[in-house]
Structures are given as structure tokens and as C-alpha cells.
Amino acid sequence: MFAKRTQPPAAPPAARPRRRGLRLALVGLSAVVAIVVGAAVVGGVVISGYLSDAPQLPDRAALWTIRRSPGMAFLDRNGHLIATRGAKYGQAVTLAQLPAYVPRAFLAAEDRRFYQHGPVDFHAIARALQANMQAHRSVEGASTLTQQLARTLFLKREQSLKRKVQEAYLAWKLEQTLSKDEVLELYMNRTYFGDGAYGVDAASETYFGKPASQLSLIEAATLAGLPNAPSRLALTTNMPDAVARAHKILATMRAEGWINDGALAAAMATAPVLAVTHKGEGDEGYVLDQAAAEASQLSGGATPDLIVRTTIDPALQDVATAALRDVVLGQGAHRNVSEGALVSLAPDGAIIAMVGGLDHDKSSFNRVTQAHRQPGSSFKVFVYGAAVEHGATETEVRNDAPISVGGWSPENYGGSYAGAVTLQQALAHSLNTVAVRLALEVGVDTVAEFARRLGLSEIPPHPGPSIALGAYEVTPLEMAAGYQVFQTGGGRTTPYLISEIRSTRGEVLYSHEASAPTPVLDPLYATRMVNMMKTVITAGTARSADIGRPAAGKTGTSQDWRDAWFIGFTPDVLTAVWVGNDNGAPMAKVTGGELPAVIWKRYMTVAEKDLPSRDFPWLTAEPATTPPTTTVADDIPDQDEPAQMSDAPVRDADADPRADPDAADDPYARGAPYAAGDGYESPRGSDDADPESGPPERWRPPPPPPRTSGAYDAAPPDQDDRYPPPQDAPQSPADEAPRYRY
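Everything quoted here is computed from the prediction, not taken from an experiment.

Some points on the sheet that holds strand β14 (residues 552-557)
And step 1. The sheet built from five strands is open, its strands ordered β7-β6-β16-β15-β14 with antiparallel pairing. Either end of the sheet is taken by a strand with one partner, and the two such strands are β7 (351-355) and β14. The sheet shows a mean angle of 5 degrees between the axes of neighbouring strands, direction not considered.
And step 2. Relative to strand β15 (residues 563-569), β14 runs antiparallel, the two sharing six bridges. Residue pairing in the sheet places lysine 554 in a bridge with isoleucine 567 of β15.
And step 3. Across the face of the sheet, helix α12 (residues 314-330) comes into contact with β6 (339-345), β7 and β16 (574-580) while running at roughly 30 degrees to β7.

Describing the packing of helix α2 (residues 101-110) against helix α6 (residues 180-190)
And step 1. At a closest axis distance of 11 Å, the pairing of α2 and α6 adopts a crossing angle of 85 degrees. Relative to α6, the element α2 lies roughly perpendicular. Judged by residue contacts, Val102, Pro103, Phe106, Leu107 and Glu110 of α2 engage Leu184, Tyr187 and Met188 from α6.
And step 2. When its residues are assigned to classes, the contact of α2 with α6 shows seven nonpolar, no polar and one charged.

Describing the sheet that holds strand β1 (residues 71-75)
And step 1. The strand order β2-β1-β5-β11-β12 describes an open sheet built from five strands, whose pairing is mixed. The open sheet is flanked by β2 (81-86) and β12 (508-511), the only strands paired with a single partner. The sheet shows a mean angle of 15 degrees between the axes of neighbouring strands, direction not considered.
And step 2. Relative to β12, strand β11 (residues 498-503) runs antiparallel, the two being bridged by three bridges. Of the residues in β12, the one forming a bridge with glutamate 500 is serine 511.

Considerations on the nonpolar core
Here is a general trend for soluble globular proteins: nonpolar side chains tend to be buried in one another's company.
And step 1. Among the nonpolar cores identified, the biggest contains 114 residues, and Phe382, Tyr384, Phe486 and Tyr603 are the most heavily contacted of them.
And step 2. In this structure, tyrosine 603 is in contact with Leu316, Val319, Ala320, Leu342, Ser344, Ile352, Ala353, Val573 and Thr575, ignoring residues within four places of it in sequence.
And step 3. Counting residues in hydrophobic clusters, the runner-up holds 53 residues, among them Val93, Phe193, Leu223 and Ala242.

Looking at the side chain of serine 377
And step 1. Turning to its location among the elements, serine 377 is positioned in the loop between β7 and α13 (380-389).
And step 2. Owing to a relative accessible area of 4%, serine 377 belongs among the buried residues under this scheme.
And step 3. Side-chain polar atoms of serine 377 contact the side chain of serine 430, separated by 3.1 Å.

Structural notes on the pairing of β2
And step 1. In the sheet, β1 pairs with β2 via five bridges, with the strands oriented antiparallel. Residue alanine 73 lies in a different strand from β2, and its bridge partner there is threonine 84.
And step 2. The hairpin turn running from β1 into β2, its antiparallel successor, is five residues long, and glycine 79 in that turn takes a positive phi close to 90 degrees.

Looking at the environment of valine 337
And step 1. Considering the arrangement of structural elements, one finds valine 337 in the loop between α12 and β6.
And step 2. For valine 337, a relative accessible area of 8% corresponds to the buried category.
And step 3. Distance in space between the C-alpha atoms of valine 337 and alanine 588 is 7.9 Å, their sequence separation being 251 residues.
And step 4. Aside from chain neighbours lying at most four places away, what touches valine 337 is Val328, Gly332, Val579, Gly580, Asn581, Met587, Val590 and Leu595.

Notes on the packing of aromatic side chains
And step 1. Within this structure, the stated rule accounts for eleven aromatic pairs.
And step 2. Ring plane angle 85 degrees and centroid distance 6.0 Å describe the contact between phenylalanine 106 and phenylalanine 193, whose orientation is recorded as edge-to-face. Taken together, the residues phenylalanine 106 in helix α2 and phenylalanine 193 in the loop between α6 and β4 (197-198) connect sequence positions 87 residues apart.
And step 3. On the basis of relative accessibility, which here comes to 0%, the residue phenylalanine 193 falls in the buried class.
And step 4. Members of the aromatic cluster, joined through ring pairs, are Phe379, Phe382, Tyr483 and Phe486.
And step 5. Above the face of the phenylalanine 114 ring, lysine 180 is positioned so that its terminal group lies 4.2 Å from the ring centre.

A closer look at helix α8 (residues 217-224)
And step 1. Most of α8 sits inside the fold, with eight of its eight residues counted as buried.
And step 2. Among the residues of α8, those classed as buried are Leu217, Ile218, Glu219, Ala220, Ala221, Thr222, Leu223 and Ala224.

Quick word on the confidence of the model for the chain
And step 1. This prediction gives the chain a mean pLDDT of 78; 70% of its residues lie at or above 70.
And step 2. Scored below 50 in pLDDT, residues 1-17 makes zero contacts in the model with residues more than four places away or belonging to other chains.
And step 3. Within the model, pLDDT remains below 50 along residues 29-47, and this stretch shows three contacts once partners closer than five positions in the same chain are excluded.

Notes on the pattern of salt bridges
And step 1. Within this structure, the stated rule accounts for 20 salt bridges.
And step 2. Between arginine 373 and aspartate 563 there is a salt bridge, and its shortest N-O distance comes to 2.4 Å. Residue arginine 373 is located in the loop between β7 and α13, and its partner aspartate 563 is located in strand β15; the two are separated by 190 residues in the primary sequence. The two residues arginine 373 and aspartate 563 agree in class, both being buried.
And step 3. With its nearest N and O atoms 3.9 Å apart, the salt bridge here joins arginine 562 to aspartate 560. Aspartate 560 carries the same exposure label as arginine 562, and that label is buried.

Brief notes about the environment of proline 571
And step 1. With respect to the secondary-structure elements, proline 571 resides in the loop between β15 and β16.
And step 2. Here the alpha-carbon distance between proline 571 and proline 550, two residues 21 residues apart in the chain, equals 8.0 Å.
And step 3. Setting aside anything within four residues of it in sequence, one finds proline 571 in contact with Pro347, Gln487, Pro550, Arg614, Asp615, Phe616 and Pro617.

Some remarks on unusual backbone geometry
And step 1. For asparagine 336, which is not glycine, the phi torsion reads 55 degrees and is therefore positive.
And step 2. Note that asparagine 336 resides in the loop between α12 and β6.
And step 3. Judged by its relative accessible area of 41%, asparagine 336 falls in the partly exposed class.

Re the pairing of strand β8 (residues 397-400)
And step 1. Neither face of β8 is exposed, since Val397 and Asn399 on one face and Arg398 and Asp400 on the opposite face are all buried.
And step 2. Across four bridges, β8 lies against strand β9 (residues 419-422) in antiparallel orientation. In the sheet register, asparagine 399 faces β9, and the bridge partner there is alanine 420.

Here's the deal with the packing of α8 against helix α9 (residues 239-255)
And step 1. Two numbers describe how α8 lies on α9: the axes approach to 8 Å, and their chain directions differ by 110 degrees. One way to sum up the angle between α8 and α9 is to call them roughly perpendicular. Contacts between α8 and α9 pair Leu217, Ile218, Ala221, Thr222 and Ala224 from the former with Ala242, Ala246, His247, Ile249, Leu250 and Met253 from the latter.
And step 2. Residue composition of the contact of α8 with α9, grouped by class: nine nonpolar, two polar and no charged.

Calculation rules
Residues numbered from 1 in each chain as written. Predicted model: local features only at pLDDT ≥ 70, side-chain atom pairs only at ≥ 80, totals over all residues. Heavy atoms only, no water. Pairing = 2+ DSSP bridges. Helix = DSSP H or I, 4+ residues; strand = E, 2+ residues; numbered from the N terminus. Axes fitted to C-alpha atoms, helices over the stretch in contact; angles between N-to-C directions. Contact = heavy atoms within 4.5 Å. Parallel < 35°, antiparallel > 145°, perpendicular 65-115°, else oblique. Nonpolar A, V, L, I, M, F, W, Y, C, P; charged D, E, K, R; others polar. Core = buried A, V, L, I, M, F, W, Y, C linked by side-chain atoms within 4.5 Å. Buried < 20%, exposed > 50% of the residue type's maximum accessible area, 1.4 Å probe, protein only. Polar contact = N/O pair within 3.5 Å; in protein donor to acceptor, adjacent residues only side chain to side chain. Phe/Tyr/Trp six-rings, centres within 6.5 Å; stacked < 30°, edge-to-face > 60°. Lys NZ or Arg CZ within 6 Å of the ring centre and 35° of its normal. pLDDT = per-residue confidence, 0-100. Salt bridge = Lys/Arg side-chain N within 4 Å of Asp/Glu carboxyl O.

Next comes the structure, spelled out in C-alpha cells:
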């Protein structure tokens, strides 16, 4: 018998480790799936949150007007057109109305695969990621033309994931609403091309003087390159770089087969030519800048094109510009004077002329509203006004003699003093020591409160004694507003430039409401001030401003002849004039009674030409108890030049003198009232100074509190590299350049 075959032993179970590996794989896969699902859920939640406040698409018609910046037409006070400004919109064009190379130029510049991808181009995103990773910086973008359009119409240009998510979502919504051709048309009609032009037709008219349907190939490529950087590639200032980008666009068009070699060569050999030499707005520029900024605020965000009626008298605007420019460029040419400003007001505060500088094309900085300068002696009217309000009269006598305030020894120019003088004489001849004495009598805080009440809101409430000599900076418009209280007999007005704003459909969006001046000064006190300020013109420092009819005003010259002023008025017109240098450099001994007074007289002679000569109708008779006039010497030299100050070591002249231990025995430093005629003595210090060599470099008035200006033009929405955000400029001492607060 055959022995029974023995079966080989069963092999050890090999499936067990395979099952364990399978289980591990399944666990790993489950984890990955869980992570992916979790990430998707989290991402979905995040994206859902990002989209919860995404802008909603309006209807198709509204896409052509949403966020459209309004254009503005400016009229003078008579309703005649001065200029147009702001956004320029041409005719809405369709692709069928344009040569085929025009839309293709835009596709070559922004999105050559526009018709091959959806609202988001994932191929471009991958390509951009690779390029940026290789360069270790952002060198390539991936936004489609539709995404760019969505950003322009609905979003801000912030760099954030939320904005990118919303941009992609809105691009998808746009392509759900519009065809590809319609998206391209909307993009070409709504994008910004610089120089205020929105849309290809407006850009074509602005730069080349022709409709978009007549653009040549090189012109189309040049315009297509502008939306990416409309400021840097501006045709008016950087044509070479704009043409270089146009050549790259032409090369892309050839690579895509959209143009042939002949068209490429012809376009490359042609230089685009601007239709006309672009010029600025010249003499009206300062007015239009201010009016545009105010109109944007006053219209309450209204988006239609605006018709802005200003208060400007065009004839007087021309006279003011010519007078300022001729005198500064003529008489001021050899006296180190390079700039000036003039503003003229009607009695209700309407600005009838405003010249912010000699040439708006060279500098758009408006020195009427933005330049903060030391007013010098022109501020003394507020010192005298505060004293008059506290009972002083023009016939009262004060002693023009040396004075010291906590170690500060202000002097008259040349160290000369007139002795006993009336307040009328002291103001007429601009005597420094009398102004300081008056400020100490009533208190410097009282002087500051008086000036602030009259409209000089930036004067600090607790100044130092140098306020008496105009150490705190003001703008010409602020000075004009303050002086107008005296012109109107004690009523305060607010200067205004716009009388009405309408839409092109005739809807009134804003109208200036006429109102009586707000009483801030008793007419009797205003009468006393006007009588003293009349003498400044008839027998004082402003005799060169005499126009042969009742007028009042005051000259001013700041430390080292850095600023020269004259502000004066008749019953019908008030005008403030400033001359100096933007960097605060000293002039060649120019005083307020010279160039500013000459400019004022030339302008006011024309402004008053057709008006009857009359005195101020509101002047009030003095009470019967007013003391009689005191007779004093009348051969007083004018002291309109900057004050020479003591050589003695001093601390900050605008610090509170009561805090100075060295001033403990000084009755004026302690704030004691000043008695009329008191001959308080102190060392004069600089009697030997040569009056022909100018004031020595010594004491400097301290600066006023830090201030900043928010006067920036608004940038068109959602565009690259054009307008940096406003920055607060660093502050500098009052007598160091720059003098302006930007």
C-alpha cells in the first residue's frame, strides 16, 4: 500500500500583514479626506463670510454709471462758463464701431486669452505663481480683464484675500450677466486713462483730438498701455515710456497673429503725436482747485455731472493776477521776492478774486488757503481791537519806550522811540512797544480770544507775549476773514467761493444761504478801529496804498523780512495781499507798505472804479463822555520793519513769563496792569545796530502749536501708482524752512 501522502504544512497566514497595511492605508486616506473635507468646510465658511458683504451687481444699465466720477463745469458770479474740470467721458463705443486692432490692443495689454478662459484664469494663476516663486517677489499678476473690471466698478484696491475672493465672485457674476464682448466693451468704456479721461473715446479725444473710431494702430497700443499706470505713463509727461510699452503690446499682437509684419513695422516706425500741447488751467487754476474740492463736499456725494457757480468776478480775477504777477516779477525781482498771494472779499464774505501764486502750472500750492505765515505787524489790529473792547480809545496815550517781558526786550526798528503817543499814532506808525504794552494790559489770553472770535481759529488760547508782534502763523484767507469784522461794523462772515451747485438736469444740490453777519464786536469799537486803520493809509505806514477814498487797513512785516502783508478795505471790497518766498528766505528789506501796498492799490483802484466813493455807513458816534484828544508829537517815524530784539540771553519768548524765576520782580512778567504813560525802562541792547544792514540774527518768535493740512486732491478711484496717501508733514520751528504747513 502506498503510504498515505502527508500534506505539507499550511503556510503561515500571509494575508494578515497585507490586511493590516490596507487598514493603515484606509486610515491615512480617511485622514486626508477628512483634512480635505475639513479644509473645504473651513474654506467654504471663510469664503461664505467674505461673500456675505460683497457688493451686489446692479442691473445692466447701471453698470455704465456706477461709481462714475462727476465732471464739473465752473461758472463765474454772472453765470458765464470759466472752465470744465474733472472726469471726462466720451461717447460709449461698441466693438463694432472700432477698428479691430483697438480692442485687440487692450487684450494684448491685459488679457490675451480673454476669450479662452472663464472669469478666472487658473492657467495664468499657475504661471504667475511659478514666476513669482522663481523671482522671490511679485513680478507677474493673474487677474483677468473681467476681474479688473469688477475691481474698478465695485471694490477698493486693497491687497487682501477677502478682496481677491470678492473680485473673483463678482467677475463670475459679471460673466453670468454679460457676454464676453459686452464685458470688453464695458471695460474699455469705464477704465481710467489719466488726465481725467474715463473710457477709450474720452482718452482718444483728450490725447489725440479724435474719436476712438479714428485711432491708428500705434495710438491704440499707446492708449491700451495707460490703464496699468496712468500717472507714470502719462503721455503729457512720459511719452517715451508710454511708447516703449506700446511697442511691447504691438509685439504681443503680432505673436498672437492679430496684426501682420507690415502693420507691425509701420506702427513701430510711427510716433504718436498729441493733438495740442497740454497746458494747465493757468490763472484760474487756484480758483478751480478750491471750488472743485468744496463742490465735492457740498454736493453730498452726488454722482451726476455738476454745474458749480462760483462767486468769482472774472474781470477782477484778471486784474488781481496781473497786479500780483507784474509787481512781484518786476519790482520784486531784485529784492529776493519770488511768490505772492491775493484774496478779495465782498462784504458778505463772497470771494471775488483769489490768486494763490504767480503760476499755477509750476506750483498748484494755494498760498491763500494753504500757506501759514507770520502776519507780523498786520496782527496788531487784533491787539488794539482787544484793548479797545476793554475801554481804550484812539486818543488815549501810551509811552513808546523800551520794555522787557521776562527777559524778552522787543524794540522798534533802529532802536528809536517816540515817547508819548496816542493809540491812533502808535498803530499808524506800527510802534512795537506800544502793541506789547497793550497786550500785557488786557492779557495775551484776551488778545488770543479776541482774534479767535474774529475768525483766526488756529491762534492758541494761551499764547506768549510775542503774539503782540504777530508770531503765530495764519493764512491770508484767515486774515481777510478777521479784518472783515472791522469792515462790516462788528459782524463776522465766513468766506465762501460757491454760491450754487446744480446737476446737469437742473436739480439744485446746494445753495449758499445769505445771512446777516454774526455780531462779534460792538459797532462803537469797530468804529474806533476803523478810524485808527484809516490813519495807517492816510498818514502811516501804508501811504502808498491811498486810493483817494475812505479805506482802512494795516501793513505787516515779519521777522527778517520773511513775510510782507497789506490787508485793507473800503465799505465795498476787502483785499489781503502777501508776498515772500516759499522757503521762508528773507527778502531784501521788503515791507508791507511797499510791494503789498502797491499791489493792493493797483487792484483796488480797478475794483472801486465804478463804485461811488463813500464812507462806512455804520460808523457810530463817540459817546459824549469820551475824553478829548491829547496833543502829542506827530513827527513819528514809521516802524513797519521787523522789530529788533534784545541781545540779552532769553528763554523761549512765548513761555509763560510768570514761570520764570528771573522775572519775579518784573511787574509786566507777573501780568500786572500797565498804566498809561508809565516809562518802564530796560536795557535796549541793540541801539548801535546799523539800520541799513537789516536786523541782526537773534531772537526768533517761537512756533505756534503743530498743525497739519488736509488739502489733497482726490484721486480717481481704484487706480495704481498715481496718488500717494496724505501724510502729515513733520513740523518745523516758525523761522526755519519750510514755512508752510503742508
